[in-house]
Amino acid sequence: MAVNDFNKEERVMFEDIFEGFEDQLFASQNVNTFGTNGTLMERTNDTIWRPQQVISVGGDRIIGSDITIKGKTKLSVPAVLDKQPHDNFQLTALELRDAMADGTLGIASRNYIASRVNSDVLDTACNQATIVVPISTAAGDYDDIALCESVMNEMGVMADSRYMMLNTRDYNGMAGNLASRSTMTGKPTTAYEKSYVGPVANFETFKLDTGNRIAAAAGGGSLTIDTQASAANYYVPRATRTESTYGNTGNVDNRYQTITVSSTTNVAAGDCFTVAGVEAVHHVRKTRTGQLKTFRVMEVLTSTTMVISPPMVSNQGASDAEEQYQNVYVAPSATAAITFLNSDASGYNVFWRKPAIELLPGRYEVPSNQGVQTMYHTTKNGIQIVVTKSFDQSTFVSTYAFDARYGVVMTAPEQCGVLLFNQVP
């Protein structure tokens, strides 16, 4: 902890305050961290492009024949340092006689910053995850979480570092089912005493105290999309795009696609849906899973167009990039039915593989010797907390401020999902 002109009592108090900070970062500690360079970020408007996982599609070598050279497309996504949580409080010269002794105001500010870091990670997961697992009943047993594992395995998502964050009611529902298992030893007792679930179906599970919820879809059951190649509702990945007007070349964010549907009336961002005849495939082997691919609505643009994630890479355009990143098999139809999965409002439960989300710690450069006293604390995952103090001699009031700066980016939406209970078809 770096310090500039804080007195000894204040240093001790703030050191005690930040002792409990790490324990509150359970969500952000289960994502990847990418350290940023302050000079570079300033020069790029706080935006950096982070690479996505490269998928390769090879073949068999035939002795005596020339090998086929296929183009390899490397994709990336923009990451922005746009999270700037701040809290402050003031103490008069009289209040300083006691309030600094227990640091209750400082602890409250610490808790706010920690809560913001966690909620920003979880908001990213809830809003951008594309695997959707709807369950028609309340949270109950192992099979619910195992279904999430099955979907990830079928798509070839690597089995390491998987995490699941369940809202309190659904987590306790799982714990209640576990507590009733009289044929098991150890775990049922812990579930009963502490509402603890722990590792299940290759996921490390955690209980959330946040109330993120998804609204019921209101788009109706008659929406359709043309999935024939002629309708061009398929996506061709590309690393860069060149502007037609000025010829400038820039990176492309391949997490999203604009599609045309029969109507977007009452469709809203966040809605989850499947398309008849559009089936998920294994991302490497390209084998069909037998399960419909799930999509999320990111934005409604017009009465017939909307932005979705992930894009439908069906290889209907037969390019190397489509073959490389194909994620769906399509049985073409001029009127493929769209079915919404979030049929009822529900609390979010999110799961992901650790590399799917990245936390990018940023930095503030606060001038020293300019009348403001400064203290820094850096968390284990690199987030810098800046504590500053100023004093107004005309009012005898000291102002304390807590600040942090970072970004959160989902690099792999198809490695992150939502588990929704009580979804009655």
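Residues numbered from 1 in each chain as written. Predicted model: local features only at pLDDT ≥ 70, side-chain atom pairs only at ≥ 80, totals over all residues. Heavy atoms only, no water.

Colleague: Break down helix H5 (residues 142-154) for me, with residues and values.
Modeller: Compared with an ideal rise of 1.5 Å per residue, which puts 13 residues at 18 Å, H5 spans 18 Å between its outermost C-alpha atoms and is within 8% of the ideal. The set of residues buried in H5 consists of Asp144, Ile145, Ala146, Cys148, Glu149 and Met152. Looking one or two residues beyond H5, the residue adopting positive phi is Gly156, at roughly 85°. (Helix = DSSP H or I, 4+ residues; strand = E, 2+ residues; numbered from the N terminus. Expected span 1.5 Å × (residues − 1). Buried < 20%, exposed > 50% of the residue type's maximum accessible area, 1.4 Å probe, protein only.)

Colleague: So what's going on with the pattern of salt bridges? Residues and values would help.
Modeller: Throughout the structure, instances matching the rule amount to seven salt bridges. Of the charged contacts in the structure, one is a salt bridge between Glu279 and Arg288, with a shortest N-O distance of 3.3 Å. (Salt bridge = Lys/Arg side-chain N within 4 Å of Asp/Glu carboxyl O.)

Colleague: Kindly report on the sheet that holds strand S18 (residues 305-309), identifying the contributing residues and their values.
Modeller: Spatial strand order, S10-S20-S14-S17-S18-S13: six strands in an open sheet with antiparallel pairing. Single-partner strands in this sheet number two, and they are strand S10 (224-225) and strand S13 (257-260). In the sheet, strand S14 (residues 272-275) pairs with strand S20 (residues 336-340) via three bridges, with the strands oriented antiparallel. Counterpart to Thr274 in the pairing with S20 is Thr339. (Pairing = 2+ DSSP bridges.)

Colleague: Any details on the sheet that holds strand S16 (residues 288-292)? Residues and values, ideally.
Modeller: The antiparallel open sheet is built from three strands, whose spatial order is S16-S15-S19. The open sheet is flanked by S16 and strand S19 (328-330), the only strands paired with a single partner. Taken over all neighbouring pairs, the strand axes of this sheet differ in orientation by 40° on average, direction set aside. Sheet analysis places strand S15 (residues 278-281) next to S19, joined by three bridges and oriented antiparallel. Residue Ala280 lies in a different strand from S19, and its bridge partner there is Val328. (Axes fitted to C-alpha atoms, helices over the stretch in contact; angles between N-to-C directions.)

Colleague: Which residues make up the environment of Pro78, and what are the values?
Modeller: Relative to the helices and strands, Pro78 is located in strand S4 (residues 76-80). Those residues in contact with Pro78 that sit more than four places away from it in its chain are Thr47, Ile48, Trp49, Asp253, Arg255 and Val409. (Contact = heavy atoms within 4.5 Å.)

Colleague: Mind laying out the nonpolar core, listing which residues take part and the relevant values?
Modeller: With 42 residues, the main nonpolar core has Val350, Trp352, Ile357 and Ile385 as its most contacted residues. The element that contributes the greatest number of residues to this core is helix H4 (residues 104-128), accounting for seven residues. Listed in part, the 22 residues of the second largest apolar core include Ile131, Phe351, Leu419 and Phe421. (Core = buried A, V, L, I, M, F, W, Y, C linked by side-chain atoms within 4.5 Å.)

Colleague: Before we move on, could you go through the environment of Pro134 and cite the residues and values that matter?
Modeller: Position of Pro134 among the secondary structure elements: in strand S6 (residues 131-134). Distance in space between the C-alpha atoms of Pro134 and Pro425 is 9.3 Å, their sequence separation being 291 residues. Once residues lying within four places of it in the same chain are set aside, the contact partners of Pro134 are Leu341, Leu420 and Gln423.

Colleague: Describe unusual backbone geometry, listing the residues and the values that go with them.
Modeller: Residues Ser309 and Pro310 are joined by a peptide bond in cis, for which omega reads -5°. Mapped onto the secondary structure, Pro310 falls in the loop between S18 and helix H8 (320-325). The backbone of Asp46 sits at a positive phi, close to 60°, despite the residue not being glycine. On the secondary structure map, Asp46 appears in the loop between helix H2 (38-43) and strand S3 (47-51).

Colleague: How would you explain the packing of aromatic side chains if you had to name every residue and give the values?
Modeller: Enumeration over the complete set of coordinates arrives at seven aromatic pairs. Relative to Tyr400, the ring of Phe89 lies with its centre 5.2 Å away and its plane at 15°, an arrangement referred to as stacked. Placement of Phe89 in strand S5 (residues 86-92) and of Tyr400 in strand S26 (residues 397-403) is noted, with a sequence separation of 311 residues between them. Neither residue differs from the other here; Phe89 and Tyr400 are each classed as buried. For the pair Phe273 and Phe340, a centre-to-centre distance of 6.3 Å together with 65° between the ring planes defines the contact as edge-to-face. Separated by 67 residues along the polypeptide, Phe273 in strand S14 and Phe340 in strand S20 bring together distant segments of the chain. Judged on exposure class, the residue Phe273 and its partner Phe340 are both buried. Ring-pair connections join several aromatic residues into one group, and the members of that group are Phe89, Tyr400 and Phe402. (Phe/Tyr/Trp six-rings, centres within 6.5 Å; stacked < 30°, edge-to-face > 60°.)

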